[in-house]
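As a plain string of letters, each chain reads:
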Amino acid sequence: MTQLPPDDQALKQFLQQHRPPVPAASPELEEQIMQAVQDPAIKVQAQVRKPRRLWIVPSAIAASLLVAFGSYRWAKVYQPTTDVENLAAFLENSWNGTLSNSTETETYLFLETAFQRPGEGVRTADSFTNNSETVAPTPTNTFY
Amino acid sequence: MGEINNCQVLDVAIAVSVNPLDNRSDRELVQCCLQGDTASFRLLYRRHQQRVRSMLYQLCDATSLDDLVQEVFLRAWKGLPKFKQTAQFSTWLYRITWNVACDHRQAAAQNRNRLSVLTRTTSSHYDMPGLSHLHYQDLVQKGLAQLSFDHRTILTLHDLEEVPQKEIAEILSIPVGTVKSRLFHARAAMRQFLQQQGVQL
């Protein structure tokens, strides 16, 4: 237990020594309290627990889950297909645009560079058609 | 024939005469009370009524003391089903006492404006030791009355009723540090009042 400072100890002793006496209880007080306790109205309150509204919690959770599941299903069923269609059209147009402005040779070269080995020069169209050795790339017809 | 439990067996003895030395714990008595055993509640009343009464007397006035004590024990009886068995019954009961005192204080504050006359006792000389003791009692009572309600509560519980600080913290639902702080200020205020009245500690 914490040791009180000397002045606090003196104050505490003074208060306890001179504390005002508590007036005595009425002789009937105990019986009055016991009669009140035995009153049926109070007795019922004391012995019967009030039904707690705990059923609200699982009901609320179940309702929330139901709403969440329903909205998920609704979103899945009624998902708009326009986005997918737009994406497909965009890819198609982009792909066509890329190839439509290039010549047939460039397209061919583009494909050939994919097979280029490390340290090997870029093969040109001529190197394939003439069956000659690899030549230095020219900036006009090479793709990196 | 229905089964006779311990509470009913003891009720027979209690109905004749309540044994003040009944060694059943508060918790066991509460269990019997929850089964409708009012005799066990009588035992609880007899165990704790003096301390409850003393607390109420220090925190409130003496005029309605019996009514306040009755209110405390009726609230306790009604609230027994909500009482957590892990807590101490005395702590729970003192919290009810404190709540009743707070309610009474609020009701008294509403009627405060009606008070037009404040009785002031004139200072007098106390030559006899008995009269000196009465004088000091009067000073203590006045000193407690001039404290704020929070400080009076702390001083009453800790210094007069000797309730541990941890239990006071539970009763008042405040941290232990706040109990210590309030106790420090309450003692300082009380000491200052007593010094003004000529008491040197």
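Residues numbered from 1 in each chain as written. Chains lettered and ligands numbered in written order. Predicted model: local features only at pLDDT ≥ 70, side-chain atom pairs only at ≥ 80, totals over all residues. Heavy atoms only, no water.

(A) Representation of the overall build of chain A. Summing up its helical and strand segments, chain A has seven helices and zero strands in all. Along chain A, helices and strands appear, N-terminal first, in the series α-α-α-α-α-α-α. In chain A, which comprises 144 residues, the proportion classed as buried is 16%. About 11,700 Å² of surface is accessible on chain A, with carbon and sulfur atoms providing 60% of the total. (Helix = DSSP H or I, 4+ residues; strand = E, 2+ residues; numbered from the N terminus. Buried < 20%, exposed > 50% of the residue type's maximum accessible area, 1.4 Å probe, protein only. Areas by Shrake-Rupley, 256 points an atom, 1.4 Å probe, with all protein chains shown as cover.)

(B) Representation of the nonpolar core within the structure. Ranked by internal contacts, the top residues of the largest apolar core, which has 62 residues, are Phe41(B), Leu56(B) and Phe73(B). Look past the residues within four positions of Phe41(B) in its chain and what remains in contact with it is Ile33(A), Met34(A), Val37(A), Cys33(B), Phe73(B), Ala76(B), Trp77(B) and Leu80(B). (Core = buried A, V, L, I, M, F, W, Y, C linked by side-chain atoms within 4.5 Å. Contact = heavy atoms within 4.5 Å.)

(C) Inspection of the pattern of salt bridges at higher detail. A full pass over the atoms with the stated rule returns 14 salt bridges over all chains. Residue Asp8(A) is joined to Arg191(B) by a salt bridge in which the shortest nitrogen-to-oxygen separation is 2.4 Å. One end of the pair, Asp8(A), is in helix 1 (residues 6-17); the other, Arg191(B), is in helix 9 (residues 176-196), on a second chain. In this structure, the salt-bridge partner of Arg51(B) is Glu161(B), at a minimum N-O distance of 3.7 Å. Separated by 110 residues along the polypeptide, Arg51(B) in helix 3 (residues 38-59) and Glu161(B) in the loop between helix 7 (149-160) and helix 8 (165-172) bring together distant segments of the chain. A relative accessible area of 8% places Glu161(B) in the buried class. One salt-bridge network, held together by shared partners, links Asp8(A), Asp159(B), Arg187(B) and Arg191(B). (Salt bridge = Lys/Arg side-chain N within 4 Å of Asp/Glu carboxyl O.)

(D) Here's a closer look at helix 9 of chain B. With 21 residues, helix 9 of chain B should reach 30 Å at 1.5 Å per residue; the first-to-last C-alpha distance of 30 Å fits that figure. Downstream of helix 9 of chain B by one or two residues, Gly198(B) has phi in the positive range, about 90°. (Expected span 1.5 Å × (residues − 1).)

(E) Highlighting the interface of chain A and chain B. Between chain A and chain B, the contact holds 34 residues from the first and 40 residues from the second. Summed over both partners, the interface of chain A with chain B buries about 3,700 Å², with 63% contributed by carbon and sulfur atoms. Applying the counting criterion to the chain A and chain B interface returns seven salt bridges. Of the charged contacts, one joins Arg42(B) and Glu30(A) as a salt bridge, the two residues approaching to 2.9 Å between their closest N and O atoms. For the pair chain A and chain B, the number of links is 15 residue pairs in polar contact (both at pLDDT 80 or more). (Buried area = accessible area lost by both parts, 1.4 Å probe. Polar contact = N/O pair within 3.5 Å; in protein donor to acceptor, adjacent residues only side chain to side chain.)

(F) Quick look at unusual backbone geometry. All names here are of chain B. The phi angle at Glu162 is positive, at roughly 55°, despite the residue not being glycine. Considering the arrangement of structural elements, one finds Glu162 in the loop between helix 7 and helix 8. Residue classification places Glu162 among the partly exposed residues on the basis of a relative accessible area of 48%.

(G) Layout of the packing of aromatic side chains. Residue and element names in this part refer to chain B. Counting across every chain of the model gives seven aromatic pairs over all chains. For the pair Phe83 and Trp92, a centre-to-centre distance of 4.9 Å together with 45° between the ring planes defines the contact as tilted. For the pair Phe83 and Trp92, one class covers both residues: buried. An angle of 45° between the planes, with centres 5.8 Å apart, marks the rings of Phe89 and Trp92 as tilted. Taken together, the residues span about one helical turn, with Phe89 and Trp92 both in helix 5 (residues 89-110) at a distance of three residues. Trp92 matches Phe89 in its accessibility class, with the two residues each being buried. Through pairs of rings, three or more aromatic residues link up here, namely Phe41, Tyr45, Phe73 and Trp77. (Phe/Tyr/Trp six-rings, centres within 6.5 Å; stacked < 30°, edge-to-face > 60°.)

(H) A look at helix 8 of chain B. All names here are of chain B. Taking burial as the measure, the eight residues of helix 8 include six buried ones, the bulk of the element. Considered for burial, the residues of helix 8 that qualify are Gln165, Glu167, Ile168, Ala169, Ile171 and Leu172. Check the buried side of helix 8 and you find it contacts helix 5, helix 7 and helix 9. Positive backbone phi, approximately 55°, marks Ser173, located one or two places after helix 8.

(I) Focus on the packing of helix 5 of chain B against helix 8 of chain B. Residue and element names in this part refer to chain B. Between helix 5 and helix 8, the shortest axis-to-axis distance is 8 Å and the interhelical angle comes to 50°. As far as their axial angle goes, helix 8 and helix 5 are oblique. With respect to the hand of their crossing, helix 5 and helix 8 are arranged in right-handed fashion. Between helix 5, through Ser90, Thr91, Tyr94, Arg95 and Trp98, and helix 8, the contact on the second element is made entirely by Glu167, Glu170, Ile171 and Leu172. Residue composition of the contact of helix 5 with helix 8, by class: four nonpolar, two polar and three charged. (Axes fitted to C-alpha atoms, helices over the stretch in contact; angles between N-to-C directions. Parallel < 35°, antiparallel > 145°, perpendicular 65-115°, else oblique. Left-handed = near helix turned anticlockwise from the far one by under 90°. Nonpolar A, V, L, I, M, F, W, Y, C, P; charged D, E, K, R; others polar.)

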